[in-house]
Every structure is written in structure tokens, then in C-alpha cells.
Amino acid sequence: RLWQENKITVAEEHMATAITQYVMAQIYGRFEERDTTRGSVVITGIEGELHQIGANMVADVIESRGWNVRFLGTNLPHDGVLQAIEEHQADTIGISATTLLSIPKAVRLVEAIRHKFQAVSPRIILGGRAFLATPALAQELNAEGPAMDLRSALSLISIGESGARLS
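**Student:** Sorry if this is basic, but what is going on with helix α2 (residues 53-64) here?
**Tutor:** An ideal rise of 1.5 Å per residue puts 16 Å on 12 residues; α2 measures up with 16 Å between its terminal C-alpha atoms. Extensive coverage of α2 is indicated by the burial of 9 of its 12 residues. Turning to α2, its buried residues are Ile-53, Ala-55, Asn-56, Val-58, Ala-59, Asp-60, Val-61, Ile-62 and Ser-64. At the exit of α2 stands Gly-66, carrying a positive phi of roughly 105°.

Pasting the structure below:
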């Protein structure tokens, strides 16, 4: 937020990102392993996307709650995302985008997922700042979202599992 408001430099934002990633890695090692698997999830950013902390947080936390997660990071070509979905046999896909410029690529990725996996019809959850600015887009794409933060992402993923939201 401070970078968006031009209150810190890009260098300071990158440093804050590196510190955050380090802290997240330390916390991840403290999560309990689960014996059961609730489902298979692929989480990715849009091609051209450079921000991944939010999506990484979601991936780590849902994995700690028993989901089999493959976090792809960001800036992947659509073919790579489709291949990972197929290899991981994902029943849920999380797509993150932070800028409005990413929306057309997000739409194309959702359409490509729907086309390639029409027989299994995986759930798609949209999250990130870009989707907050276009809240009707999720419904138009037959997806869920937008996930406004970690808590709402957890709620959205848990709805597909049991119909009940996480507290």
C-alpha cells in the first residue's frame, strides 16, 4: 500500500517483500502436517504478474489445513498452468492478479481452463486487487470470488469442500 501511495521506493518495497517471504518461510515450517487430503488445488498468478505474496500465503495456509497444493508462483504462460492443473489433477484452481492490466489475461486463462477441462469442470477462485476492482467478473466467468484477503480466500475454498465456511 505504501508503494502504491508513493510513500516508499521500489527498492524499499522489494526489501519489504523479501523480509515478508523470509518470515513466511519460517512460519511454514511450524505448520502441522495433516493425514487426510481435502482436495487438490493449483494456485497461480497471471502471465506477466510479478506479485505473489498473497497467493503464496493462501497456498501455505490451505495446505496446512489438509489440501494438496501446488503453488506455481507468478508470470507463467497459460500452457504451463494448464499442464500443472492436469498433472496435479486439481479440482480447484486459484488465480491471483494484482493489476487491472492483468484482467484480460485472467479472462483468457479461465476460458482456457474451462475449454481444456470441461469434462471435470474444476472450481476456479479469483483473488487479488485486480478482481476487487471488477467484482462482477467472477460471476461472469462462472468462478468464485473475488477473494478480498486471506480469510475470504479460505472461506471460498471451504465452501466447495463442505458447504460450510471456515471460522
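**Student:** Explanation requested: the nonpolar core in the structure shown.
**Tutor:** Soluble globular proteins: nonpolar side chains tend toward being buried together. By size, the foremost hydrophobic cluster in this structure holds 24 residues, and its most contacted members are Ile-85, Ile-93, Ile-95, Ile-113, Ile-124, Leu-126 and Phe-131. Elements that contribute at least two residues to this core include exactly α3 (78-88), β3 (92-96), α4 (103-116), β4 (123-127), α5 (129-132) and α6 (137-140). Other than its neighbours up to four places away in sequence, Ile-124 contacts Ile-93, Ile-95, Val-110, Ile-113, Arg-114, Ala-143 and Glu-144. Judged by nonpolar contacts, the second largest core, of 15 residues, contains Ala-55, Ile-62, Ala-153 and Leu-154.

**Student:** Where do I start with the packing of helix α1 (residues 10-28) against α2 in this structure?
**Tutor:** Angle between the axes and distance between the axes: these two values describe a pair of packed helices. It is the contact of α1 with α2, at a shortest axis distance of 11 Å, that shows an interaxial angle of 5°. In terms of their interaxial angle, α1 and α2 are classed as roughly parallel. Taken together, the residues of α2 that come into contact with α1 (itself represented by Thr-17, Thr-20, Gln-21, Met-24 and Tyr-28) are Ile-53, Asn-56, Met-57, Asp-60 and Glu-63. A breakdown of the residues in the contact of α1 with α2 according to their chemical character gives 4 nonpolar, 4 polar and 2 charged.

**Student:** I keep staring at the side chain of Ser-64 and nothing clicks. Help me out?
**Tutor:** Relative to the helices and strands, Ser-64 is located in helix α2. Judged by relative accessible area, Ser-64 falls into the buried class, the value being 14%. Among the polar contacts made by the side chain of Ser-64, one reaches the main-chain carbonyl oxygen of Val-61 at a distance of 2.6 Å. Beyond its immediate chain neighbours, meaning those up to four positions away, Ser-64 contacts Phe-31, Glu-32 and Arg-34.

Reading the values: rules and limits
Residues numbered from 1 in each chain as written. Predicted model: local features only at pLDDT ≥ 70, side-chain atom pairs only at ≥ 80, totals over all residues. Heavy atoms only, no water. Helix = DSSP H or I, 4+ residues; strand = E, 2+ residues; numbered from the N terminus. Expected span 1.5 Å × (residues − 1). Buried < 20%, exposed > 50% of the residue type's maximum accessible area, 1.4 Å probe, protein only. Core = buried A, V, L, I, M, F, W, Y, C linked by side-chain atoms within 4.5 Å. Contact = heavy atoms within 4.5 Å. Axes fitted to C-alpha atoms, helices over the stretch in contact; angles between N-to-C directions. Parallel < 35°, antiparallel > 145°, perpendicular 65-115°, else oblique. Nonpolar A, V, L, I, M, F, W, Y, C, P; charged D, E, K, R; others polar. Polar contact = N/O pair within 3.5 Å; in protein donor to acceptor, adjacent residues only side chain to side chain.

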